[in-house]
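# Working through the structure, step by step
If you want the building blocks of each chain, they are given just below.
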Amino acid sequence: IDLTRVPLDDVPSYEMLARGDTAGVFQLESQGMRDVLTKLKPDCLEDIIAVVALYRPGPMDNIPSYIARKKGDEVVDYMHPDLEPILKETYGIMIYQEQVMQAAQALAGYSLGGADLLRRAMGKKIKEEMDKQREMFEDGCESRGTPGKRAAEIFDTMAEFAGYGFNKSHAAAYSLVAYHTA
């Protein structure tokens, strides 16, 4: 089998995943993951990527909302209009480390390097560094027109996620192997 020629839109493979028939499928064979797949009904590689990234302590709490938003049963909330292009593919839920970094750039004017420092600080949860980053983020947001209370709420959402988040390329690589296995 030449995996470079396997189409990424194979309907029978997605149907199999949606049934939770994933014994022996890399990353997708646990009972918990099977339950998620039967509720989600993945129909594209992006769904698998999102589930692989979400199925971890912390982000796992967002799985029900991800599923409900995908199905249209829950209103998508982007938290801020500038976050819509960043969070559109994940229905307003921060799933990937890159989204945290992009949000910091879009809302608070962080440089790419500064956004990476923010991501790392959130991952390590060092109080002194988190306090410094919170102040920088909130000040940056306020200087760009986002009120302090809203900026604080967004920062808290980012911090809650960032300690456990995957980068998208990591989740995508795992998901491609999972899809090929299916």
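To continue, consider the overall build of the protein. Regarding its fold elements, the protein presents 10 helices and zero strands. In the protein, the succession of α and β elements from N to C terminus is α-α-α-α-α-α-α-α-α-α. In terms of overall size, the protein behaves like a compact globule, its C-alpha atoms giving a radius of gyration of 18 Å where 182 residues would be expected to give roughly 16 Å. With the C-alpha coordinates of the protein rotated into their principal frame, the extents come out at 55 × 30 × 30 Å. Out of the 182 residues belonging to the protein, those deemed buried represent 43%. In the structure as shown, the protein presents an accessible area of about 9,400 Å², 53% of it carried by carbon and sulfur atoms. Side chains of the protein carry 21 positive and 29 negative charges; the gap between the two charge centres is 2 Å.

A word on the pattern of salt bridges. In the structure shown here, the tally under the stated rule is 14 salt bridges. A salt bridge links Glu 46 to Lys 168; the nearest nitrogen and oxygen atoms lie 3.3 Å apart. Within this pair, whereas Glu 46 is found in helix α3 (residues 45-54), its partner Lys 168 is found in helix α10 (residues 168-181), the two being separated by 122 residues in sequence. Ionic pairing is found between Asp 116 and Arg 120, a salt bridge with its closest N-O pair at 2.6 Å.

Moving on, we come to the layout of surface pockets. One number sums up the size of the largest pocket: a volume of about 180 Å³. The wall of the largest pocket is formed by 13 residues, among which Asn 62, Ile 93, Met 94, Thr 157 and Glu 160 lie closest to the centre. No other element matches helix α9 (residues 148-162), which puts three residues into the lining of the largest pocket. Each residue belonging to the lining of the largest pocket can be placed in one class, and the counts come to five nonpolar, five polar and three charged.

What follows deals with helix α2 (residues 31-40). Of all the residues in α2, the buried ones are Met 33, Val 36, Leu 37 and Leu 40. For α2, the arc enclosing every buried residue in end-on projection is 100 degrees, short of the 170-degree limit, so these residues lie on one face.

Here we come to helix α8 (residues 127-143). Between its first and last C-alpha atoms α8 spans 24 Å; for 17 residues at 1.5 Å apiece the expected length is 24 Å, and the two agree. Taken together, the buried positions of α8 are occupied by Met 130, Gln 133, Phe 137, Glu 138, Gly 140 and Cys 141. Considered in projection along α8, the buried side chains sweep an arc of 160 degrees and stay on one side of the axis. Exposed side of α8, more than 90 degrees from the buried face: Glu 128, Glu 135 and Ser 143 are the residues found there. Here the buried face of α8 lies against α6 (97-108), α7 (112-124) and α9.

The next point concerns the packing of aromatic side chains. If you walk through the whole model with that rule in mind, you get six aromatic pairs. Seen in terms of ring centroids, Tyr 14 and Tyr 179 are 5.2 Å apart; in terms of plane orientation they differ by 35 degrees. Their pairing is tilted. One end of the pair, Tyr 14, is in helix α1 (residues 11-18); the other, Tyr 179, is in helix α10, with 165 residues separating them in the sequence. Residue classification places Tyr 179 among the buried positions, given a relative accessible area of 2%. When the ring of Phe 166 is compared with that of Tyr 174, the centres are 6.4 Å apart and the planes differ by 90 degrees; the resulting orientation is edge-to-face. Under the relative-accessibility criterion, Phe 166 is labelled buried at 12%. Feature note: the residues Phe 26, Phe 166 and Tyr 174 constitute an aromatic cluster, connected by ring pairs.

What counts as what
- Residues numbered from 1 in each chain as written.
- Predicted model: local features only at pLDDT ≥ 70, side-chain atom pairs only at ≥ 80, totals over all residues.
- Heavy atoms only, no water.
- Helix = DSSP H or I, 4+ residues; strand = E, 2+ residues; numbered from the N terminus.
- Rg over C-alpha atoms; globule rule 2.2 N^0.38 Å.
- Buried < 20%, exposed > 50% of the residue type's maximum accessible area, 1.4 Å probe, protein only.
- Areas by Shrake-Rupley, 256 points an atom, 1.4 Å probe, with all protein chains shown as cover.
- Lys, Arg positive; Asp, Glu negative; His and termini not counted.
- Charge placed at Lys NZ, Arg CZ, Asp CG, Glu CD.
- Salt bridge = Lys/Arg side-chain N within 4 Å of Asp/Glu carboxyl O.
- 1 Å grid on protein atoms, 1.4 Å probe; cavity = no way out; pocket = protein on both sides within 12 Å on 5 of 7 lines; lining within 4 Å.
- Points joined across faces, edges and corners; volume = space filled by probe spheres on them.
- Nonpolar A, V, L, I, M, F, W, Y, C, P; charged D, E, K, R; others polar.
- Arc of directions from axis to C-beta.
- Expected span 1.5 Å × (residues − 1).
- Contact = heavy atoms within 4.5 Å.
- Phe/Tyr/Trp six-rings, centres within 6.5 Å; stacked < 30°, edge-to-face > 60°.

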